[in-house]
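What follows is each chain in one-letter form.
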Amino acid sequence: MTNENEGTAAAPLDILPRRCPACHAAPEAGRLMRFGSTAWPMRQCVCGFTYLEKAPAYAELSSNLAWEKTFKQEGERRLREHRVSQKLSKGTRWRMKLFKRLDMPALIAASCTSGDVLDIGCSTGGHLMKLPDGIHPFGIEISQALGEAAAAALAQRGGTAYIGPALDTMQKLETDRFSAISMRSYLEHEAYPDRVLEEAFRILKPGGIVFVKVPNYGSINRMVRGRAWCGFRLPDHLNYFTPDTLTRLAASKGFTVEKPFMWRLPTSDNMWVRLIKKPVATAAAA
Ligand SMILES: [Zn+2]
């Protein structure tokens, strides 16, 4: 007898072994963390970076584990496993009020009003569509269904959505092209955040800015709630950044990192940073 559900639930995943994205040390060099699972071990490297030592291959992300499908499953799992702490968390939503809501389209609009803007993990393109008229909106989306919807929407504004893994797509884009890049709730999912930041630096115009929003592994809520913290999603979230580890990683790729205190309050589950590609001084031209 066969169970019809077995096909999808038990299908073997294609697995990608990882090293520390920040210093490239082998996983064994780091400490095994209790927030991982047997299938998805989590390490804190000697350099301080926390990450999953395995990742599902990209083919899985574009179909089986696509966000629109896992979001519902994850919510149901959370409710089952953490009913009490979930209620506690909902009861303390006042914490959010301490944190002035940041909005990606508004941040980008305040930094540039023309040129090409790229949103990595653009979903259906909703954020890009809110940008000022002078901006040409481009997105990258790994989910086929979401990417097609985004491409249709962005075409009306002279842009498009590239469907595929971020790194492969970025490698095909022109150097010094974009005025701004948005990485909102994306970098924690990326198997190669170091190489993506390297590419972001290359395709950004001098003076251009990357805005990054990721879960803050250094948040108080993570320390209090442990495994029940909303930032843990195995195996969707591969990287667990703190303001310090994100700063070190981005700075190692050439960025000047700005992280206003109000953008990284330890009372918030998320943090924002601004990565700037400072123009190179041309004094040595003679
Ligand atoms: Zn490391």
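Residues numbered from 1 in each chain as written. Predicted model: local features only at pLDDT ≥ 70, side-chain atom pairs only at ≥ 80, totals over all residues. Heavy atoms only, no water.

## Quick word on the pattern of salt bridges
When the charged atoms of two side chains lie near each other, side chains of opposite charge can form a pair.
Thought 1: Counted by the stated rule, this structure contains 9 salt bridges.
Thought 2: We note a salt bridge from Arg233 to Asp236, for which the minimum N-O separation is 2.6 Å. For the pair Arg233 and Asp236, one class covers both residues: buried.
Thought 3: Salt bridges sharing partners connect three or more residues here, namely Asp116, Glu174 and Arg177. (Salt bridge = Lys/Arg side-chain N within 4 Å of Asp/Glu carboxyl O. Buried < 20%, exposed > 50% of the residue type's maximum accessible area, 1.4 Å probe, protein only.)

## Overview of the nonpolar core
Thought 1: Counting residues in hydrophobic clusters, the biggest one holds 34 residues, and the most contacted among them are Leu118, Ile120, Ile181, Met183, Leu187, Val210 and Val212.
Thought 2: The set of elements that each furnish at least two residues to this core consists of β6 (115–120), β7 (135–141), α9 (166–171), β9 (178–184), α10 (193–203), β10 (204–215), α12 (243–251) and β13 (270–276).
Thought 3: Mapping this core onto the domain boundaries places at least three of its residues in each of domain 1 (13–94) and domain 2 (101–220 + 237–278).
Thought 4: Each residue touching Val212, except ones within four places of it in the same chain, is listed here: Met183, Leu187, Leu246, Met271, Trp272, Val273 and Leu275.
Thought 5: Ranked by size, the runner-up nonpolar core spans 18 residues in total, among them Val117, Cys122, Ala150 and Ile276. (Core = buried A, V, L, I, M, F, W, Y, C linked by side-chain atoms within 4.5 Å. Helix = DSSP H or I, 4+ residues; strand = E, 2+ residues; numbered from the N terminus. Domains from an automatic or database assignment. Contact = heavy atoms within 4.5 Å.)

## Remarks on the sheet that holds β9
Thought 1: Strand order in this open sheet of 7 strands is β8-β7-β6-β9-β10-β13-β12, and the pairing throughout is mixed. Unpaired on one side and paired on the other, β8 (160–163) and β12 (256–258) mark the two borders of the sheet. Going across the sheet, the axis of each strand differs from the next one's by a mean of 20 degrees, ignoring polarity.
Thought 2: Two strands pair when backbone bridges link them, and β12 and β13 are joined in this way by 3 bridges, in the antiparallel orientation. (Pairing = 2+ DSSP bridges. Axes fitted to C-alpha atoms, helices over the stretch in contact; angles between N-to-C directions.)

## Notes on the side chain of Glu188
Thought 1: Inspection of the secondary structure assignment puts Glu188 in the loop between β9 and α10.
Thought 2: For the buried Glu188, no salt bridge exists, and the shortest N-O distance to an oppositely charged side chain is 7.4 Å, to Arg233.
Thought 3: The contact partners of Glu188, leaving out residues within four places of it in the chain, are Lys213, Val214, Pro215, Asp236, His237, Leu238, Asn239 and Phe241. (Lys, Arg positive; Asp, Glu negative; His and termini not counted.)

## Remarks on the confidence of the model for the protein chain
Thought 1: Across the protein chain, the average pLDDT comes to 87, with 79% of residues at 70 or higher.
Thought 2: Throughout residues 1–10 the model reports pLDDT below 50, and contacts reaching past four residues in sequence, or to other chains, amount to 1 contact. (pLDDT = per-residue confidence, 0-100.)

## Some thoughts on helix α6 (residues 104–111)
Thought 1: Looking only at α6, the buried set comprises Met104, Pro105, Leu107 and Ile108. Seen end-on, α6 carries its buried residues on one side only, within an arc spanning 160 degrees.
Thought 2: Those residues of α6 that are buried are in contact with β6, α7 (126–129), β7, β9, β10 and β13.
Thought 3: The distance from a side-chain oxygen at the start of α6 to the backbone nitrogen of Ala106 is 3.1 Å, and the residue carrying that oxygen is Asp103. (Arc of directions from axis to C-beta. Polar contact = N/O pair within 3.5 Å; in protein donor to acceptor, adjacent residues only side chain to side chain.)

## Some thoughts on the coordination of the zinc ion
For a metal with four tetrahedral donors the ideal donor-metal-donor angle is 109.5 degrees, whereas six octahedral donors ideally subtend 90 or 180 degrees.
Thought 1: Taken together, the protein ligands of the zinc ion are Cys20 (SG), Cys23 (SG), Cys45 (SG) and Cys47 (SG), with distances of 2.3 Å.
Thought 2: Classification of the site at the zinc ion as tetrahedral follows from its 4 donor atoms and the range of 100 to 117 degrees in their angles at the metal.
Thought 3: If you list the donors of the zinc ion from N- to C-terminus, the spacing comes out as C-x2-C-x21-C-x1-C. Residue Cys20 is found in the loop between β1 (15–17) and β2 (31–33), and its partner Cys45 is found in the loop between β3 (42–44) and β4 (50–52); the two are separated by 25 residues along the sequence.
Thought 4: Accessibility expressed as a relative area gives 0% for Cys20, which makes it buried. (Donors = N, O, S within 2.8 Å, 3.2 Å for Na, K, Ca; no water. Tetrahedral: all angles 85-135°; square planar, octahedral: opposite > 155°, others 65-115°.)

## A few points about empty space enclosed by the protein
Thought 1: Throughout the structure, instances matching the rule amount to 1 cavity of 30 Å³ or more.
Thought 2: Together, Met104, Pro105, Ile108, Val117, Asp119, His127, Leu128, Leu131 and Ser182 line the largest cavity.
Thought 3: Looking at the lining of the largest cavity, the elements that each hand over two or more residues are α6, β6 and α7.
Thought 4: In terms of residue count, the dominant contributor to the lining of the largest cavity is α6 (3 residues).
Thought 5: Per-class residue counts for the lining of the largest cavity are 6 nonpolar, 2 polar and 1 charged. (1 Å grid on protein atoms, 1.4 Å probe; cavity = no way out; pocket = protein on both sides within 12 Å on 5 of 7 lines; lining within 4 Å. Points joined across faces, edges and corners; volume = space filled by probe spheres on them. Nonpolar A, V, L, I, M, F, W, Y, C, P; charged D, E, K, R; others polar.)

## Details of the pairing of β9
Thought 1: The buried fraction of β9 amounts to 6 of the 7 residues, a majority that puts the element mostly inside the structure.
Thought 2: Relative to β9, β6 is paired through 5 bridges, and the arrangement is parallel. What sits directly across from Asp116, in β9, is Phe178.
Thought 3: Bridge count between β9 and β10: 6 bridges; the pairing is parallel. Along β10, the bridge assignment pairs Ile181 with Val210.
Thought 4: As a crossover connection, the stretch from β9 through α10 into β10 is right-handed. (Right-handed = clockwise from strand over helix to strand, strands pointing away.)

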